[in-house]
Amino acid sequence: MKKYIKVILACLLLGISVGFIDTYLLYEGYWAHFNKGLNSVYGWVHIIYALSALFLAILAHESGHFISFIRHGIKPKAIYILGLAFVDDHGWKIRFVPKFLLLIGGIVIPEHIQIHDETTEKDIVEKFKKVLLAGPKASIIYGVIIFILWVLCLFTPIYWLSGFLFTTMIVTTLMSVVAVLASRVSKGGMYGDFAAEKAFDKDSLFRLTYLIQLTTLIEHDQESMDYFWPKIVHTLETKYLPGNHLYNNLLGQYIYEVVFEGRIASTGV
């Protein structure tokens, strides 16, 4: 009974607060300012605003990863935002890659990474855990900044900017929420940023496949694979997870090494 009373009181308090704020904004003319901002351009222009806001929200998220890479001494090779690719190919160049539009997001790819001993592995893992968290944090910070800018714009007569920032704020807020929620997902071999950061310490299969991907993404690295090979063989000998996406990737890497790199196969596998 007490729980229901608390809920009712909370709803009443919320309703009174919203009514007070609405009355204040109406009396002071801020709602009129808001309407002028929305109506300062044609409705279809807000679609362009929304698409621009989507691009900027993804850019902010990936920039968090990008900057974190640089801070931790790892040089980024490329950053993809929707269909645009910014690639370091003897100087930064812009390219359009249509297939990346299907991601409805972005990705930052680091330069070639080598891992040849336990110390290097531990160092890379700690750096990448921080890099992973930087993306969602950047999304939250960017969302707060856009909201503050929109509120400040209500005190100015720049109506078109108010309308642009409102549409941008709505899209940015939605994208920030999606970024945070998606970062916690870990299903079917897909890991969000938060989930991946935790999986480094809790999931040995994820850790191994992720690190192998890092060292083979740009080019095949013989020294790194010499270090990982015993771990690959041991994992495949002691585990059998045919329906697991990570396991299948690891098995694919094992077959590639045996067939194309001439490594000795294990009868246990």
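The structure under discussion appears in the preceding block.
One structure accompanies this document, and this report is about it. (Residues numbered from 1 in each chain as written. Predicted model: local features only at pLDDT ≥ 70, side-chain atom pairs only at ≥ 80, totals over all residues. Heavy atoms only, no water.)

## Here's the deal with the overall build of the protein chain
Where we set the bar: Runs of E in the DSSP output that reach at least two residues are strands. Runs of H or I that reach at least four are helices, and both are numbered from the N terminus. Exposed residues in this analysis have more than 50% of their type's maximum accessible area, buried residues have under 20%, and partly exposed residues fall in between, with area computed by a 1.4 Å probe over protein chains only. Pairs of residues are marked as contacts when any of their non-hydrogen atoms sit within 4.5 Å. All accessible-area figures derive from a Shrake-Rupley calculation using a 1.4 Å probe, and residue coverage is judged against the displayed protein chains alone.
Check the secondary structure of the protein chain and you find nine helices and six strands. In the protein chain, which comprises 269 residues, the share counted as buried stands at 40%. In the protein chain, the share of contacts with a sequence separation of at least 24, taken over all contacts with a separation of at least 6, comes to 62%. Roughly 16200 Å² of accessible area belongs to the protein chain as shown, and the carbon and sulfur atoms make up 68% of that amount.

## Focus: the sheet that holds strand β4 (residues 106–110)
Put simply, the rule is: When DSSP locates at least two bridges between a pair of strands, those strands are taken to pair. Fitted lines through C-alpha atoms give the axes, limited to the stretch in contact for helices. The angle between two N-to-C directions lies from 0 to 180 degrees.
A sheet is described by the order of its strands in space; here four strands give the open sequence β3-β2-β1-β4, paired in antiparallel fashion. With partners counted over all chains shown, the strands left at the sheet margins are β3 (92–96) and β4, one partner each. Geometrically, the sheet is characterised by an average inter-axis angle of 15° between neighbouring strands, direction not taken into account. Strand direction decides the pairing type here: strand β2 (residues 84–88) and β3, joined by five bridges, are antiparallel. Note on β3: the bridge partner recorded for V87 is K93.

## A few points about the environment of F228
By secondary structure assignment, the location of F228 is in helix α8 (residues 222–238). Once the C-alpha coordinates of F228 and L211 are considered, the two residues, 17 residues apart in sequence, prove to be 9.0 Å apart. Beyond its immediate sequence surroundings of up to four residues, F228 is in contact with I115, L208, L211, I212 and T215.

## Some points on helix α9 (residues 245–260)
For an α-helix, the turn length of 3.6 residues means that residues three or four places apart are oriented alike. Condition: In a helix, the anticipated span is given by 1.5 Å times the number of residues less one. Our arc is simply the arc of the directions from the helix axis toward the C-beta atoms. N or O atoms closer than or at 3.5 Å make up a polar contact, with two conditions inside protein: a donor-capable atom paired with an acceptor-capable one, and, for residues adjacent in sequence, both atoms drawn from side chains.
In this model, α9 (16 residues) spans 22 Å end to end at C-alpha, consistent with the 22 Å of a helix rising 1.5 Å per residue. Among the residues of α9, L246, Y247, L250, Q253, Y254 and E257 are the ones counted as buried. For α9, the buried positions fall inside an angular range of 120° around the axis, keeping them on one side. Turned more than 90 degrees away from the buried face of α9 sit V259 and F260, all of them exposed. Taken together, the buried residues of α9 touch β6 (190–191), α7 (204–216) and α8. N-cap assignment for α9: the residue whose side-chain oxygen lies 2.8 Å from the backbone N of L246 is N244. A positive phi of about 75° marks G262, the residue just after α9.

## Here's the deal with the packing of aromatic side chains
Quick note on the threshold: Any two of the Phe, Tyr and Trp rings considered here, Trp counted by its six-membered ring, make a pair once their centres fall within 6.5 Å; the pair's planes then place it as stacked at under 30 degrees, edge-to-face at over 60, or tilted in between.
One pass over the full model with this rule turns up twelve aromatic pairs. Note on W150 and F166: the rings are 5.6 Å apart at their centroids and 50° apart in plane angle, and the pair reads as tilted. In this pair, W150 is assigned in helix α4 (residues 118–153) and F166 in helix α5 (residues 159–182), connecting sequence segments 16 residues apart. Each member of the aromatic cluster is reached from another via a ring pair, and the members are F69, F128, F200, F206 and Y210.

## So, a nonpolar patch on the surface
Under the convention used in this document: Like charges are joined within 9 Å and nonpolar side chains (Val, Leu, Ile, Met, Phe, Trp, Tyr) within 5 Å, but only among residues with over 30% relative accessible area and no salt bridge; these make up the patches. The salt bridge criterion pairs a side-chain nitrogen of Lys or Arg with a carboxyl oxygen of Asp or Glu, the two atoms within 4 Å.
Taken together, the side chains of I140, I141, V144, I145, F147, I148, L149 and L152 make up a nonpolar region of the molecular surface, amounting to roughly 730 Å² of accessible area. Looking at where I145 falls in the secondary structure, it is placed in helix α4.

In short, shape yes, function no, at least from these values alone.
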